[in-house]
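Summary of the model geometry
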Amino acid sequence: QIDDLAEVDYSLSSLPAVFRPFIDLDLKGVVFPAGKFTDSPCMAASFTIPDQSDSMLYLAFSEYFFQTSSFAYYTAGAFNMTIAEETCSYFNINTEIFGSIIPEVAKYSVTPNPVMLKLMATEIPTIRLEQDSFTVEIQGSMEVLAVLPDSTTQSLFTMNIAANTSISLNIFDQKLMGSLCLNRLRFSLAHSNVGSFEVLLLENILSYILQTEVIPSANAKLSKGFPLP
C-alpha cells in the first residue's frame, strides 16, 4: 500500500539469477488503484542496469513503473481538485478581478462574488524518464465558477490546460521521493458562458493560482514518497 489511492506490486517476475559476484532480481514494479487491480494500458520494455560494482545494492526503475503510477493515480482521481472559494478569497481572486479583464463577467456580477476553481486531468498524464528526473505532460481543464449569495454556483468559463512539468527524484528513509516543478503552461478557451475573450489576458492570474496552490499541494503528496521493495 502506497497511500489511500494506490498500491504497488513488487513481486518477482522471474526466478532470481545467481552469479558469482552478484544476484539479479527482476521485480514487477506495477502500481494500480487501491483495492482494484486493473491492467495498465502501458507496455513494459526490458532494460538492463549498467555494469557497476561500487555499491552493495543497485535499484533501477523503468519508465513503465512511473507510467503505471500515472495511470493508477489518474484512475483514482488524484489529478482532480477543487480550489475552494476561501482559498481564492485569500488571494483576492473574485469575479471583480475577472470582470476587469472580461467585460461580460462585470455585467453578469454587479457586486464582487467569490469564485471556486475545478481542475481535472482529461487524459492519462504522459511520463518520460530522463537522467535523475522525469517529465510529466498533463492535459486538463480548469472550470471557473462564481459562488452566488445563496451558495449556489454558476459556471463562468472553462479553460483547456496543457502543462509540462518535471519531477526530480531522490531516495530517503527507504522511500522514493519527488519534487515537482512547473516548466510550461498553455491555456485555451474550451467553453464560456460570458462570451469570448482573449485568453492571454488571464494567463498571469491562472498561472499564479497553479503556482501558489496546485504545485505546493502536489509536492506535499510527493514528499510522502513511494515505499521501496
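Residues numbered from 1 in each chain as written. Predicted model: local features only at pLDDT ≥ 70, side-chain atom pairs only at ≥ 80, totals over all residues. Heavy atoms only, no water.

**Quick look at the overall build of the protein**
Quick reminder of the rule: The secondary structure listing takes helices from DSSP runs of H or I that are at least 4 residues long and strands from runs of E that are at least 2 residues long, numbered from the N terminus. Only the C-alpha atoms count toward the radius of gyration. The rule for a globule is 2.2 Å times the residue count to the power 0.38. Using a 1.4 Å probe on the protein chains alone, a residue whose accessible area is under 20% of its type maximum counts as buried, one over 50% counts as exposed, and one in between counts as partly exposed. The contact criterion used throughout is that any non-hydrogen atoms of two residues lie within 4.5 Å. Note that accessible areas follow from Shrake-Rupley with a 1.4 Å probe, and for residues the cover is restricted to the protein chains shown.
The helix and strand inventory of the protein stands at 5 helices and 11 strands. What you see for the protein is a C-alpha radius of gyration of 22 Å, clearly larger than the 17 Å of a compact globule of 229 residues, by over 25%. Referenced to the eigenvectors of the C-alpha coordinate spread, the extents of the protein come out at roughly 80 × 30 × 30 Å. For the protein, buried positions account for 38% of its 229 residues. Summarising the internal contacts of the protein: among those between residues at least 6 apart in sequence, 62% fall at separations of at least 24. Just so you have it, the protein exposes about 13600 Å², and 54% of that area is on carbon and sulfur atoms.

**Points about the nonpolar core**
Our working rule: We call a set of buried residues a nonpolar core when its members are Ala, Val, Leu, Ile, Met, Phe, Trp, Tyr or Cys and they connect through side-chain atoms within 4.5 Å of each other. How far each domain reaches was decided by an automatic or database domain assignment.
One finds Phe 65, Phe 98 and Phe 157 to be the most contacted residues of the largest nonpolar core, which totals 48 residues. Elements with a contribution of two residues or more to this core: β1 (6-9), α1 (63-75), β6 (115-121), β8 (133-147), β9 (153-172), β10 (175-192) and α5 (203-222). Residue assignment places this core across two domains, with domain 1 (1-76) and domain 2 (79-228) each supplying three or more. Non-local contacts of Phe 65, meaning those with residues more than four positions away in its chain, are made with Val 8, Tyr 10, Gly 29, Val 31, Leu 176 and Phe 226.

**A few points about the domain arrangement of the protein**
For clarity, the cut-off: Buried area counts how much accessible surface, traced with a 1.4 Å probe, disappears from two parts once they are put together, with both parts' losses summed. Throughout this description, a polar contact denotes any pair of N or O atoms lying within 3.5 Å of each other; where both atoms belong to protein, one of them has to be capable of donating a hydrogen while the other can accept it, and for residues adjacent in sequence the pair is counted only when both atoms sit in side chains. Only Asp, Glu, Lys and Arg are considered charged in this grouping, and only Ala, Val, Leu, Ile, Met, Phe, Trp, Tyr, Cys and Pro are considered nonpolar; every other residue, Gly among them, is considered polar.
Here the protein is partitioned into domain 1 (1-76) and domain 2 (79-228). Facing the 17 residues of domain 1 at the interface are 16 residues of domain 2. Summed over both sides, the interface between domain 1 and domain 2 buries roughly 1400 Å², with carbon and sulfur atoms accounting for 77% of that surface. Between the two partners, domain 1 and domain 2, sit 4 residue pairs in polar contact (both at pLDDT 80 or more). Considering each element in turn, the side of domain 1 that touches domain 2 owes the most residues, 9 residues, to α1. Looking at the side of domain 1 that touches domain 2, its residues break down into 11 nonpolar, 5 polar and 1 charged.

**Focus: the pairing of β9**
Filter applied, for reference: Note on pairing: two strands pair once DSSP finds at least 2 bridges between them.
As judged from the 15 bridges shared by β8 and β9, these two strands associate in the antiparallel manner. Following the sheet pairing, Gly 140 is matched in β9 by Ile 161. In this structure, the hairpin formed by β8 and β9 is closed by a connection of 5 residues, where Ser 151 is found at a positive phi of approximately 75 degrees. Note: β9 against β10, 16 bridges, orientation antiparallel. Bridging across to β10, Asn 160 finds its partner in Ser 188.

**Some remarks on the side chain of Asn 94**
With respect to the helices and strands, the residue Asn 94 is situated in the loop between α2 (85-90) and α3 (95-99). Engagement of the side chain of Asn 94 in a polar contact is seen with the backbone nitrogen of Ile 97, the distance being 3.1 Å.

**Looking at a nonpolar patch on the surface**
The cut-off we apply is this: Each patch is built from residues lacking any salt bridge and having more than 30% relative accessible area; the joining distance is 9 Å for like charges and 5 Å for nonpolar side chains (Val, Leu, Ile, Met, Phe, Trp, Tyr). We define a salt bridge as a contact between a side-chain nitrogen of Lys or Arg and a carboxyl oxygen of Asp or Glu at a distance within 4 Å.
Residues Leu 12, Val 18, Ile 23, Leu 25 and Leu 27 make up a contiguous nonpolar surface patch of about 470 Å² in total accessible area. Inspection of the secondary structure assignment puts Leu 12 in the loop between β1 and β2 (17-18). With relative accessibility at 45%, the residue Leu 12 sits in the partly exposed group.

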